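# Examining the three-dimensional arrangement
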Amino acid sequence: LIRPPFDQPWQPLLRDETDPFKLGTFSLELVCSEMFPHASSANFIGIIEENNELADRYGLGKGGETMFAHISKDIYEFARWTAFRNTVKVAGDTNQSLLRGKALQRTLIILPAMTTRSADYHIFGQNQYLAAGLVTAFCNAVVPHAGCGQSGFVGLDGWKLTDGIKTPYGSKAPGIFQLGDSHSGPLGETEAAMVIADLDLLRTTDQRPRPHYQHRSLRLIAHLPFFFATEKGRQGGDGSYPNKQRQLRTRTVAGKALTFAEARSQVAKALKLESIWRSELNVASPDEEPSPEYLKAIAETLAALRVLEEFADDPTWLRKRTHSFKFERYEMPPTSPLPALVDWLYVDDRWLPEPNDAGGSDEDPLKSDKPLLRVPRAMQYEPSRRID
């Protein structure tokens, strides 16, 4: 189990942050299995025994307190920072373990993990939201046999079925957890993506009635799937990994085997035609005949969206984005440029050693703006990690 050293209690990293306009004022961190003490009191005995076993196995000093006292302090500390109610005195709390004073409630739980049981974390997030209005940002690894993905924000409406609402991708909200996940749900099991959301961490639940200009407390801003230049495989080629675990990622586009860097020209082509299909009114009416230019623009856009699907590790949400463009673009008009076309991130992870055996250029690859990962030929040529 991951937890701080035994002589240090668990507490938020940004404990002294109090500015209501800064994210740190409202956030705290639980790493993977750190969430289990707070998931259910039924875990308490098991966690104490597991921590004692690990401390003995790795020769960790336990200090002067028992493991029972250590874990109890962690639970009290979490309760202090996340409690919906705050008070100047808690009856019987002689050590003032539950008092947080003037500090605001920490309503955002940052929860990175590497787990094959994402359901535990989804349910934990639902429980925390219903109990105290806490929002959980669950970020899980997608490593086979170690992490099953399904990352997402768990908060507003994350405990029920809802109808789709307008997002940048029609009615689809990838990475915003809800039951059913037909229009809103966690990322795929093998999907690596960045999800950006707008959170109201002061009021995480909707007021009733909602003030006229109050936004929803959890809204999707962008879903940015990662497209990698390589993929798992043992074929050779320029940019493939010397250990034969990664090879160049190519797909057949218009009858040719292309890398993503080559195939993305299809996206640029579709973007140039965007003004054509936007210039015509709702042609969904059977009484109107769309122009050939319109039909061509739509066809090129759909073809470009399918290129994105082809290069994704898990295309489930990309297919739903394509579906929304095809059937919801007039009911829920997208912004320009079309988010479904431009919202993605390309990662050039090819193995490209520096050609100069003497150590390469003096440019720091950590600060370089080049779209590739430079691999030093030897450890002595690696850039310094020291922060000046």
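So, here is what we can say about the structure in this document. (Residues numbered from 1 in each chain as written. Predicted model: local features only at pLDDT ≥ 70, side-chain atom pairs only at ≥ 80, totals over all residues. Heavy atoms only, no water.)

Moving on, we get to the layout of surface pockets. One way to see where empty space is left: roll a probe the size of a water molecule over the atoms. Here the largest pocket is characterised by a volume of approximately 770 Å³. A total of 4 residues in the lining of the largest pocket trace back to one element, the largest contributor, which is strand β3 (residues 135-140). Considered class by class, the residues forming the lining of the largest pocket number 14 nonpolar, 11 polar and 7 charged. (1 Å grid on protein atoms, 1.4 Å probe; cavity = no way out; pocket = protein on both sides within 12 Å on 5 of 7 lines; lining within 4 Å. Points joined across faces, edges and corners; volume = space filled by probe spheres on them. Helix = DSSP H or I, 4+ residues; strand = E, 2+ residues; numbered from the N terminus. Nonpolar A, V, L, I, M, F, W, Y, C, P; charged D, E, K, R; others polar.)

Right, let's get into the pairing of strand β12 (residues 256-259). Two elements, strand β11 (residues 250-253) and β12, share 4 bridges in a ladder whose sense is antiparallel. Following the sheet pairing, Arg251 is matched in β12 by Leu258. Connecting β11 to the antiparallel partner β12 that follows it, the hairpin turn spans 2 residues, and Ala254 within it adopts a positive phi of roughly 55 degrees. (Pairing = 2+ DSSP bridges.)

Right, let's get into the nonpolar core. By size, the foremost hydrophobic cluster in this structure holds 43 residues, and its most contacted members are Phe227, Trp277, Leu308, Phe311, Phe325 and Leu341. Where this core is concerned, the elements lending two or more residues are β3, β7 (193-199), β8 (218-228), α5 (260-263), α6 (265-272), α8 (292-311), α9 (316-328) and α10 (339-342). Of the residues forming this core, the biggest block, 9 residues, is contributed by α8. Leu308 has contacts with Phe227, Phe260, Val267, Leu318, Ala340, Leu341 and Trp344, leaving out every residue within four places of it along the chain. Formed by 15 residues, the second largest nonpolar core is a distinct cluster that contains Trp10, Leu28, Leu111 and Phe124. (Core = buried A, V, L, I, M, F, W, Y, C linked by side-chain atoms within 4.5 Å. Buried < 20%, exposed > 50% of the residue type's maximum accessible area, 1.4 Å probe, protein only. Contact = heavy atoms within 4.5 Å.)

Take unusual backbone geometry next. Arg208 connects to Pro209 through a cis peptide bond whose omega is -5 degrees. By secondary structure assignment, the location of Pro209 is in the loop between β7 and β8. Here the bond from Ser336 into Pro337 is cis, since omega is 0 degrees, no more than 30 degrees from zero. Inspection of the secondary structure puts Pro337 in the loop between α9 and α10. Although it is not a glycine, Gln96 adopts a positive phi angle of roughly 55 degrees. Mapped onto the fold, Gln96 is located in the loop between α3 (67-82) and β2 (108-113). Positive phi, close to 55 degrees, is recorded for Ala254, a residue that is not glycine. Positionally, Ala254 belongs in the loop between β11 and β12.

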